[in-house]
Amino acid sequence: MKLQPSQWAALQDMVTQALAETSRSLSQMTTGEIRLDSPQLSFLPLRELPGVAGGPDAVVTAVYVGIEGELQGHVIVLFQPREARAMVDLLLGDPAGTCRELDELGRSALAEVGNICGSAFINAIADRSGLEVRPTPPLLVEDMAGAILETVATDLLLSGDEALVITTAFNGAVPGHFLLMPNTESMARLITTLEAIR
Amino acid sequence: MNGCRMEAVGLGELKVADKPDQVLVCYGLGSCVGLALYDPVARIGAMVHVVLPESSMGRGREAPPGKYADTGVEAALAALVDAGASRSRLIAKAAGGARMLRLAGSNPKLDIGARNTEAVRAALARHQIKLVAEDTGGTYGRTLQLYIKTGRVLVSTVGRGEHEL
């Protein structure tokens, strides 16, 4: 999708707001401070999507939250296994290296990260565009990145060829991939609405 | 891997191979279906990474040859024959077609993985190619490999091991 500089700026502002809200909520949930650093935004051809997080056969922990309402899309937060465990330590306030295997508690902590991220994005969209959107309950999946992302790519391929991918890191140390993927119609609508408001 | 050349077959791609050291691979199949076709006499194989069941679901733009089950199977057969394989000797094996996530906004009855599997079966049947083995469905990802030297087909998963199809 070709965006004008002003449209990029509007989109970046929205993402920055969403990540700031995510940082705030995550910090409240934990004992320490959790920051999401300098997001990088890019549009990626859908056929490249399955390889975005370490290759299509890389094992990942993914949290999926759907967007429903006036915009339709998908938010996915992806962690590679080591990152997922580091994130759990961060969330539970344990010293780094404590979590060696994802247990029920770790899984629900990560699902909550997905929930918070998804909700923050949805709030930022609603706040800046005035569109009515809502998140679906989070789903946690541990499997090959390709298998998870392909399923989403397939849905998006019905309406477009690209996905908006946001890459960030938690506290500058734990890399995570956020994928905010409105379908093509929704993306166009979001951009138009953001522009009109600016 | 022991002098083998792994060649990834990405979303919607179709690849034909005839060198003994080649291995065609669909990595991380979710709702997509990987189809391996092999002529054991000519030792020529092909792999298709099917994304959607029917070309009628397309948006009227050019699509990669393996994107749809119906056109993908047809294109694979044509490419194999072109490369010197015999249609009547072809062995077909498939994996994938899982349901990884219940996506928001999608019709719960529209299980794209199951439809992809069904469409691959139907396309093969239309061309009188026998599907001798499949590992499809479920809610987990699969990697499919076809070894050109031997025709061996392997399916690997996360936590469910690896097995021969």
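To be clear, the structure that these remarks concern was listed above.
Along each chain, residues carry numbers from 1 onward, in the same order as the chain's sequence is written. Think of it this way: whatever chain is written first is A, whatever ligand is written first is 1, and the rest follow in order. Residue-level local features of this predicted model are given only where pLDDT is at least 70; pairs of side-chain atoms are given and counted only at 80 or more, and the full residue set underlies all totals for whole chains, interfaces and linings. The side-chain values count all of the structure's non-hydrogen atoms but skip hydrogen atoms and water molecules.

A. Summary view of the packing of helix 1 (residues 69–82) of chain B against helix 2 (residues 112–126) of chain B. All names here are of chain B. Every axis in this analysis is a line fitted to C-alpha atoms, fitted for helices over the stretch in contact. Angles between the N-to-C directions lie between 0 and 180 degrees. Counting from the N terminus, the helices are the DSSP runs of H or I reaching at least four residues and the strands are the DSSP runs of E reaching at least two. In contact at an axis separation of 8 Å, helix 1 and helix 2 are set at 40 degrees when each is read in the N-to-C sense. It follows from the interaxial angle that helix 1 and helix 2 lie oblique. Of the two possible hands of crossing, helix 1 and helix 2 adopt the one that is right-handed. Two secondary-structure elements touch here, helix 1 through Ala69, Asp70 and Val73 and helix 2 through Asn116, Ala119, Val120, Ala123, Leu124 and Arg126. Each residue is assigned to one of three groups, with Ala, Val, Leu, Ile, Met, Phe, Trp, Tyr, Cys and Pro labelled nonpolar, Asp, Glu, Lys and Arg labelled charged, and all others, Gly among them, labelled polar. Across the contact of helix 1 with helix 2, the residue classes break down as 6 nonpolar, 1 polar and 2 charged. Here the angle decides the label: under 35 degrees means roughly parallel, over 145 means roughly antiparallel, 65 to 115 means roughly perpendicular, and every other value means oblique. The crossing is said to be left-handed when, going from far helix to near helix, the turn is anticlockwise and less than a right angle, and right-handed when the turn is clockwise. Any pair of residues with heavy atoms lying within 4.5 Å of one another is described as a contacting pair.

B. Structural context of the interface of chain B and chain A. Taken residue by residue, the interface counts 29 residues in chain B and 30 residues in chain A. Here the quantity called buried area is the total loss of accessible area, with a 1.4 Å probe, experienced by two parts when brought into contact, counted for both. Taken over both partners, the interface formed by chain B and chain A buries close to 2300 Å², and the fraction arising from carbon and sulfur atoms is 68%. Any carboxyl oxygen of Asp or Glu that lies within 4 Å of a side-chain nitrogen of Lys or Arg is treated as forming a salt bridge with it. Remark: the boundary between chain B and chain A carries 0 salt bridges. Definition of a polar contact: a pair of N or O atoms within 3.5 Å, with one able to donate and the other able to accept a hydrogen when the atoms are protein atoms, and with sequence-neighbouring residues admitted only if both atoms are side-chain atoms. Linking chain B to chain A there are 6 residue pairs in polar contact (both at pLDDT 80 or more). With 3 residues, strand 3 (residues 22–29) of chain B is the single largest residue contributor to the side of chain B that touches chain A.

C. How the structure looks around the packing of aromatic side chains. Pairs were defined over the aromatic rings of Phe, Tyr and Trp, the Trp ring being its six-membered one, requiring ring centres within 6.5 Å. Orientation was assigned from the angle between planes: stacked under 30 degrees, edge-to-face over 60, tilted for the rest. Applying the stated criterion across every chain yields a total of 1 aromatic pair over all chains. The ring of Tyr140 of chain B carries Arg160 of chain B above its face, with NZ or CZ at 3.9 Å from the centroid. Should the NZ of a Lys or the CZ of an Arg lie within 6 Å of a ring centre and within 35 degrees of the ring normal, that charge is described as sitting over the ring.

D. Here's a closer look at the sheet that holds strand 2 (residues 14–17) of chain B. All names here are of chain B. What the 5 strands build is an open sheet, ordered 2-5-4-6-7; its pairing is mixed. Of all the strands in the sheet, just strand 2 and strand 7 (131–136) have a single pairing partner and so form its edges. Across the sheet, the axes of successive neighbouring strands diverge by a mean angle of 10 degrees, strand direction being ignored. In this sheet, strand 5 (residues 44–50) lies alongside strand 4 (residues 33–39) in antiparallel orientation, the contact comprising 7 bridges. Residue pairing in the sheet places Ala36 in a bridge with Met47 of strand 5. Packing against the sheet, helix 2 makes contact with strand 4, strand 5, strand 6 (91–96) and strand 7, and its axis sits at approximately 25 degrees to strand 4. Being paired, for any two strands, means DSSP has found at least two bridges between them.

E. Up close: the packing of helix 1 (residues 5–29) of chain A against helix 3 (residues 104–129) of chain A. Residues and elements named next belong to chain A. It is at 8 Å that the axes of helix 1 and helix 3 come closest, and there the two elements cross at 140 degrees. It follows from the interaxial angle that helix 1 and helix 3 lie oblique. You can see that helix 1 and helix 3 cross each other, and the crossing is right-handed. Where helix 1 approaches helix 3, its residues Asp13, Met14, Val15, Gln17, Ala18, Leu19, Glu21, Thr22, Ser25, Leu26 and Met29 are matched on the opposing element by Ala109, Glu112, Val113, Ile116, Cys117, Ala120, Phe121, Asn123, Ala124, Ile125, Asp127 and Arg128.

F. A look at the pattern of salt bridges. All names here are of chain A. Per the counting criterion, the structure on display carries 15 salt bridges over all chains. In this structure, the salt-bridge partner of Arg107 is Glu104, at a minimum N-O distance of 3.6 Å. Within this pair, Arg107 and its partner Glu104 are both found in helix 3, separated by 3 residues, close to a single helical turn. Relative accessible area decides the class of each residue, using a 1.4 Å probe on protein chains only: under 20% of the type maximum gives buried, over 50% gives exposed, and in between gives partly exposed. For Arg107, a relative accessible area of 27% gives the class partly exposed. For Glu104, a relative accessible area of 59% gives the class exposed. For Glu132, the salt bridge identified is with Arg134, shortest N-O distance 3.4 Å. Look at Glu132 and you get partly exposed, because its relative accessible area is 46%.

G. Layout of the sheet that holds strand 8 (residues 142–147) of chain B. All names here are of chain B. An order of 1-3-8-9-10 is seen for the 5 strands of this open sheet, with the pairing classed as mixed. In this open sheet, the two edge strands, each paired with only one partner strand, are strand 1 (5–8) and strand 10 (162–164). Shown here is a sheet whose adjacent strand axes are inclined to one another by a mean of 25 degrees, direction ignored. The pairing of strand 8 with strand 9 (residues 153–156) spans 4 bridges and is classified as antiparallel. Across the sheet, Leu146 pairs through a bridge with Val153, a residue of strand 9.

What is shown is where atoms sit, not what they do.
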